[in-house]
Amino acid sequence: MNIINAKQVTKTYTVDHREIRVLDSVSLSVSQSEFLVVQGSSGSGKTTLLSLLSGLDKPTSGRVFLKERDITDKSEDDLAQLRKDMIGFVFQSFHLIPSLTALENIMFPAELKRDPAAREKAIKLLQRMGLDKRSGNFPHQLSGGEMQRVAMARALINSPEIIFADEPTGNLDSANGRAILELLLENQKISRTTLVLVTHSNAIAKMADRMIVLQDGRITSEQ
Ligand SMILES: Nc1ncnc2c1ncn2[C@@H]1O[C@H](COP(=O)(O)OP(=O)(O)O)[C@@H](O)[C@H]1O
Ligand SMILES: [Mg+2]
């Protein structure tokens, strides 16, 4: 089954009365449990593509299906619900809530769903990410690598079917970057989650089931 289906998705922005075509009729299917790497130079449309596939943003034309459900015209509320139920995000800048501790940040999505096991699940994930000793730390008391591991644990707590990771190692040194990618890949192997990963690393791209390259808003290569 294709868990993600994008059909001729186009995204344009109008800046100073000029239309900029950021994605140009992109069609893409991702199957369940697939590990897809997205590459392309800065400005090629990678982040925009992820935003459209996850319903964070709407295409100018074209349609997006998640599990064969057309999400293109869904309301913001429906989309928020859908993301909460099936999607985990990991971003380049970690997007942690500064006033919450590491443990509380991880618990947050599970608490939104009123999951009674939120704390227990968060503690398990803290351990898996090697963060046991950082449980009570606030984001400003964590290193970049630790913040990204908290962000990953938070993305995983509701056992999402799809993880979108947008240059998750972009702000980390190479050792921390490798550790984050290893945790992501390990999770993908264990839980058979669908993983869509934007990364410049060719070594990681080689480990993916498939790689696409974006250039000026189009898929120019697929292997
Ligand atoms: N809200 C916006 N308004 C105008 N242009 C935008 C907006 N968001 C992104 N862009 C432009 O779209 C292009 C693709 O951006 P993006 O998807 O972030 O690329 P990438 O993630 O590959 O670096 C860039 O040229 C960027 O400037
Ligand atoms: Mg980007």
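Calculation rules
Residue indices begin from 1 for each chain and proceed along its sequence in written order. Just so you know, chain letters begin at A and ligand numbers begin at 1, following the order they were written in. Where totals are concerned, whole chains, interfaces and linings use all residues; where local detail is concerned, this predicted model gives features only for residues with pLDDT of at least 70, and gives and counts side-chain atom pairs only at 80 or more. Based on all heavy atoms of the structure, the side-chain values leave hydrogens and waters out of the count. By nonpolar core we mean a set of buried residues, namely Ala, Val, Leu, Ile, Met, Phe, Trp, Tyr and Cys, connected to one another through side-chain atoms within 4.5 Å. We call a residue buried when its accessible area falls under 20% of the maximum for its residue type, exposed when it is over 50%, and partly exposed in between, using a 1.4 Å probe and counting protein chains only. Helix and strand assignments come from DSSP, with helices taken as H or I runs of at least 4 residues and strands as E runs of at least 2, each series counted from the N terminus. Note on contacts: a residue pair is in contact if any heavy atoms of the two residues lie within 4.5 Å. Only the contacting stretch of a helix is used when fitting its axis, a line to C-alpha atoms as for every element, and angles between N-to-C directions run 0 to 180 degrees. Note on angle classes: values under 35 degrees are labelled roughly parallel, values over 145 roughly antiparallel, values of 65 to 115 roughly perpendicular, and the remainder oblique. Take the far helix as the reference: if the near one is turned anticlockwise from it by less than a right angle, the crossing is left-handed, and if turned clockwise, right-handed. Residues are grouped as follows: Ala, Val, Leu, Ile, Met, Phe, Trp, Tyr, Cys and Pro are nonpolar; Asp, Glu, Lys and Arg are charged; every other residue, Gly included, is polar. Only Phe, Tyr and Trp rings take part, Trp by its six-membered ring, and two of them pair if their centres are within 6.5 Å. Stacked means planes under 30 degrees apart, edge-to-face means over 60, and tilted covers everything else. Whether a charge sits over a ring depends on NZ of Lys or CZ of Arg being within 6 Å of the ring centre and within 35 degrees of the ring normal. At least two bridges found by DSSP between two strands are what make those strands a pair. An expected span of 1.5 Å times one less than the residue number is assigned to each helix. The term polar contact refers here to a pair of N or O atoms within 3.5 Å; inside protein, the definition further demands a hydrogen-donor-capable atom paired with an acceptor-capable atom, and it admits residues adjacent in sequence only when both atoms are side-chain atoms.

A. Just the nonpolar core, in detail. Within the largest apolar cluster, 40 residues are counted, with the highest numbers of intra-cluster contacts made by Phe35, Val37, Ile106, Leu184 and Leu197. With seven residues, helix α5 (residues 144-156) is the single largest residue contributor to this core. Once residues lying within four places of it in the same chain are set aside, the contact partners of Leu184 are Met152, Ile163, Ala165, Pro168, Leu195 and Leu197. Counting residues in each nonpolar core, the second largest holds 28 residues, with Ile3, Val26, Leu52 and Ile87 among its members.

B. Highlighting the packing of α5 against helix α6 (residues 174-191). It is at 10 Å that the axes of α5 and α6 come closest, and there the two elements cross at 15 degrees. On the basis of the axis angle, α5 is roughly parallel to α6. Regarding α5 and α6, the two cross each other, and that crossing is right-handed. In this structure, α5 contributes Gly145, Gln148, Arg149, Met152 and Leu156 to the contact, and α6 contributes Asn176, Ile180, Leu183, Leu184 and Asn187. Across the contact of α5 with α6, the residue classes tally to five nonpolar, four polar and one charged.

C. View of the packing of aromatic side chains. According to the stated counting rule, one finds two aromatic pairs in the structure shown. Both rings, one in Phe89 and one in Phe91, keep their centres 5.5 Å apart while their planes meet at 10 degrees; by these two values the pair is stacked. Residue Phe89 is classed as buried on the basis of its relative accessible area, which comes to 18%. Summarising the aromatic geometry, the rings of Phe89 and Phe164 are spaced 6.0 Å apart at their centres and angled 25 degrees between planes, so their arrangement reads as stacked. In this pair, Phe89 is assigned in strand β6 (residues 87-90) and Phe164 in strand β7 (residues 162-166), connecting sequence segments 75 residues apart. Each member of the pair, Phe89 together with Phe164, is buried. When the ring centre of Phe65 is taken as origin, the NZ or CZ atom of Lys7, which lies over that ring, is 4.9 Å away.

D. Expanded view of the pairing of strand β1 (residues 2-15). With 10 bridges connecting them, β1 and strand β2 (residues 18-31) associate as antiparallel partners. In the sheet register, Tyr13 faces β2, and the bridge partner there is Ile20. Remark: two residues form the turn of the hairpin made by β1 and β2, two consecutive strands paired antiparallel; Asp16 in that turn has positive phi of roughly 50 degrees. Note: β1 against strand β4 (residues 61-66), five bridges, orientation antiparallel. Note that in β4 the partner of Thr10 across the bridge is Ser61.

E. Looking closely at the sheet that holds strand β5 (residues 69-70). Within the open sheet, the four strands sit side by side as β2-β1-β4-β5. Their pairing is antiparallel. Unpaired on one side and paired on the other, β2 and β5 mark the two borders of the sheet. Across the face of the sheet, helix α1 (residues 46-53) comes into contact with β1, β2 and β4 while running at roughly 60 degrees to β2.

F. Highlighting the sheet that holds strand β10 (residues 218-222). The strand order β6-β7-β8-β3-β9-β10 describes an open sheet built from six strands, whose pairing is mixed. Strand pairing shows two members of the sheet lacking a second neighbour, β6 and β10, which therefore form its edges. Going across the sheet, the axis of each strand differs from the next one's by a mean of 20 degrees, ignoring polarity. The pairing of strand β9 (residues 210-215) with β10 spans four bridges and is antiparallel. Looking across to β10, one finds that Leu214 is bridged to Ile219. Sheet contacts for α1: β3 (35-39), β7, β8 (194-198) and β9; angle to β7, the most-contacted strand, approximately 160 degrees. Its contacts with the sheet put helix α2 (residues 76-86) on β6 and β7, and the angle it makes with β6 is roughly 85 degrees.

G. Up close: α6. With 18 residues, α6 extends 26 Å from end C-alpha to end C-alpha; this agrees with the ideal 26 Å at 1.5 Å per step. Within α6 the residues assigned to the buried category are Gly177, Ile180, Leu181, Leu183, Leu184, Leu185, Asn187 and Gln188. Looking at the packing, one finds that the buried side of α6 touches β3, α4 (118-128), α5, β7, β8 and α7 (202-207). The N-capping residue of α6, defined by a side-chain oxygen 3.1 Å from the backbone nitrogen of Ala175, is Asp173.

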